[in-house]
Amino acid sequence: MKQYLLSFKYALEGIILAFKQERNLRFHLFMTIVVLIFGLLFNLHKFEWMILILVIGLMITAELFNTAIERLVDLYTEDFHPLAKQAKDISAAACFIFAICTIIIGFMIFLPKILS
Ligand SMILES: Nc1ncnc2c1ncn2[C@@H]1O[C@H](COP(=O)(O)OP(=O)(O)OP(=O)(O)O)[C@@H](O)[C@H]1O
């Protein structure tokens, strides 16, 4: 039981650290609050809430993995290395692709409600 609590504590420390250090994560947190307020205002259906929660969770998860990869690369080398660049840029690309999907899903859910 103690081991589970410790794992939870370390995960929480990781979340706090990442949000303190990463501007992108703070932006996602801000957008999450905005989207949740819009969701409440537009009285979303259960299925729409499920999609939104999934998308928000995956977006933040992708950013956390991206941050972890950046730290690992920096731990390995602070000098310029083409593979370090590739690792960071490909990791950032994964977040970028998912951010585009998130925006499209956001529009698909909210645009018809805003227009009607
Ligand atoms: N050791 C390195 N060798 C080669 N290129 C690197 C190295 N470290 C960072 N870069 C490249 O420099 C650019 C800036 O990277 P940096 O680590 O500052 O983070 P970032 O991409 O601005 O992301 P964030 O804003 O989340 O910190 C990126 O294109 C990255 O691939």
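One numbering rule holds for all chains: residues counted from 1, following each sequence as written. A pLDDT threshold of at least 70 governs which residues receive local features in this predicted model, and a stricter bar of 80 or more applies before side-chain atom pairs are shown or counted, although totals over entire chains, interfaces and linings include all residues. Computation of side-chain values: all heavy atoms of the structure, hydrogens and water removed.

Looking at an unreviewed UniProt entry, one finds the chain named Diacylglycerol kinase family protein, with Pallidibacillus thermolactis as its source organism. Under the UniProt heading Sequence similarities (unreviewed entry), the note attached to the chain is "Belongs to the bacterial diacylglycerol kinase family." UniProt positions are given in the numbering used here, feature names are shortened, and annotations may be inferred rather than shown by experiment. Here is the UniProt Subcellular location (unreviewed entry) comment for the chain, exactly as written: "Cell membrane".

(A) View of the site of the ligand. Nearness of a residue to a molecule or strand requires only that one of the residue's heavy atoms be within 4 Å of it. Neighbouring the ligand are E22, E70, T77, D79, F80, H81, A84, K85, K88 and D89. Here a polar contact is recorded for every N or O atom pair within 3.5 Å, except that within protein the pair must consist of a potential hydrogen donor and a potential acceptor, and residues adjacent in sequence are included only if both atoms are side-chain atoms. Within the backbone of D79, a nitrogen or oxygen atom sits 2.9 Å from a nitrogen atom of the ligand. About the coverage of the ligand: the protein hides 61% of its 610 Å² of free accessible area. Secondary structure elements are defined from DSSP: runs of H or I of at least 4 residues count as helices, runs of E of at least 2 residues count as strands, and each element is numbered from the N terminus. If you tally residues by element for the shell around the ligand, the top one is helix α4 (residues 82-115), at four residues. Values of accessible area rely on a 1.4 Å probe in the Shrake-Rupley scheme; residue burial ignores everything except the protein chains shown.

(B) Geometry of the packing of aromatic side chains. Ring geometry is summarised as follows: Phe, Tyr and Trp rings, the Trp one being its six-membered ring, pair when their centres sit within 6.5 Å, and such pairs are stacked at plane angles under 30 degrees, edge-to-face over 60 and tilted between the two. Summed over all chains, the structure comprises three aromatic pairs. The interplanar angle of 55° and the centroid separation of 6.1 Å between the aromatic rings of F42 and F110 together place this pair among those described as tilted. Here F110 lies in helix α4 and F42 lies in the loop between α2 (23-41) and α3 (46-76), a separation of 68 residues in the sequence. F42 sits in the partly exposed class, given a relative accessible area of 27%. Note on F110: relative accessible area 9%, which makes it buried. Among the aromatic residues, those joined into a ring-pair cluster are F38, F42 and F110. Burial classes follow relative accessibility: with a 1.4 Å probe on protein chains only, a residue under 20% of its type's maximum area counts as buried, one over 50% as exposed, and anything between as partly exposed.

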